[in-house]
Amino acid sequence: STGRDAVGLSPEPVAEAALDALRQYGCHGCHRIPGIVGPEAVIGPPLARFGTRALVAGRWPNTEANVIQWIRQPQQLDPRSAMPDLAVSEQDALVIARFLRSLQ
């Protein structure tokens, strides 16, 4: 094993890329995110221990595909959600999903 994932990154660069993307899209404006210093947001749930959650958005199994879909199309999946559609790229959604699911 090379210690690399399907996009060719070891866990540390995936986390670094995910944190960069989370900052870029302003996710910390609504969520508390491990590794990002920012406002004490209370709009969305804290994302610590996301990987231990059974469900995404309280509805769908916590799989990589479901997390990616939720990140990219929250309003399509649940028009009543407060989470906005931020036009997250597929690559950014992938690294964010892998990072979030790694949080234990």
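Keep in mind the model is a prediction, meaning the values are calculated, not measured.

> Can you break down the pattern of salt bridges residue by residue, with the values?
Side chains that differ in charge, positive against negative, can pair when their charged atoms come close. For the coordinates displayed, the defined rule picks out three salt bridges. Residues Arg23 and Asp20 are paired through a salt bridge, measuring 3.4 Å at the closest nitrogen-oxygen approach. Linking Arg23 with Asp20, this pair stays in helix H1 (residues 11-24), spanning three residues, or about one helical turn. The class for Asp20 is partly exposed, based on a relative accessible area of 44%. Linking Arg59 and Asp78 is a salt bridge whose minimum nitrogen-to-oxygen distance equals 3.6 Å. Of this pair, Arg59 sits in the loop between strand S1 (55-56) and strand S2 (60-61) while Asp78 is found in the loop between helix H3 (74-77) and helix H4 (90-102), placing the two residues 19 residues apart along the sequence. On the accessibility criterion, Arg59 (49% relative accessible area) is partly exposed.

> Now, about the environment of Arg32: what can you tell me, with residues and values included?
For Arg32, the location among the structural elements is in the loop between H1 and S1. Sequence separation between Arg32 and Val42 is ten residues, and the spatial gap between their C-alpha atoms is 7.7 Å.

> Describe the nonpolar core, naming the residues involved and giving the relevant values.
By size, the foremost hydrophobic cluster in this structure holds 25 residues, and its most contacted members are Leu22, Ile33, Ile71, Phe99 and Leu100. Going through the elements one at a time, H1, helix H2 (64-72) and H4 are the ones with two or more residues in this core. Looking at this core, the element that brings in the most residues is H4, giving seven residues. With sequence-adjacent residues up to four places away left out, Phe99 is seen in contact with Val14, Ala15, Ala18, Leu19, Leu22, Ile33 and Pro34.

> Explain H2 to me, and be specific about the residues and the numbers.
Inspection of H2 places Val67, Ile68, Trp70 and Ile71 among the buried residues, and these make up the whole buried set. The buried residues of H2 all sit within an arc of 165° when viewed along its axis, so they share a single face. Contacts made by the buried residues of H2 are with S1, S2, H3 and H4.

> Outline the packing of aromatic side chains, supporting the account with residue identities and numerical values.
Considering all chains together, one arrives at one aromatic pair under this definition. Summarising the aromatic geometry, the rings of Trp60 and Trp70 are spaced 5.8 Å apart at their centres and angled 35° between planes, so their arrangement reads as tilted. One end of the pair, Trp60, is in strand S2; the other, Trp70, is in helix H2, and ten residues separate them in sequence. Of the residues examined, Trp70 reaches a relative accessible area of 12% and is grouped as buried.

> Describe the environment of Gly51, naming the residues involved and giving the relevant values.
Within the fold, Gly51 resides in the loop between H1 and S1. Each C-alpha atom, one on Gly51 and one on Arg98, is 9.1 Å from the other, the two residues being 47 residues apart in sequence. Once residues lying within four places of it in the same chain are set aside, the contact partners of Gly51 are Asn62, Leu100, Arg101, Leu103 and Gln104.

Scoring rules and cut-offs
- Residues numbered from 1 in each chain as written.
- Predicted model: local features only at pLDDT ≥ 70, side-chain atom pairs only at ≥ 80, totals over all residues.
- Heavy atoms only, no water.
- Salt bridge = Lys/Arg side-chain N within 4 Å of Asp/Glu carboxyl O.
- Helix = DSSP H or I, 4+ residues; strand = E, 2+ residues; numbered from the N terminus.
- Buried < 20%, exposed > 50% of the residue type's maximum accessible area, 1.4 Å probe, protein only.
- Core = buried A, V, L, I, M, F, W, Y, C linked by side-chain atoms within 4.5 Å.
- Contact = heavy atoms within 4.5 Å.
- Arc of directions from axis to C-beta.
- Phe/Tyr/Trp six-rings, centres within 6.5 Å; stacked < 30°, edge-to-face > 60°.

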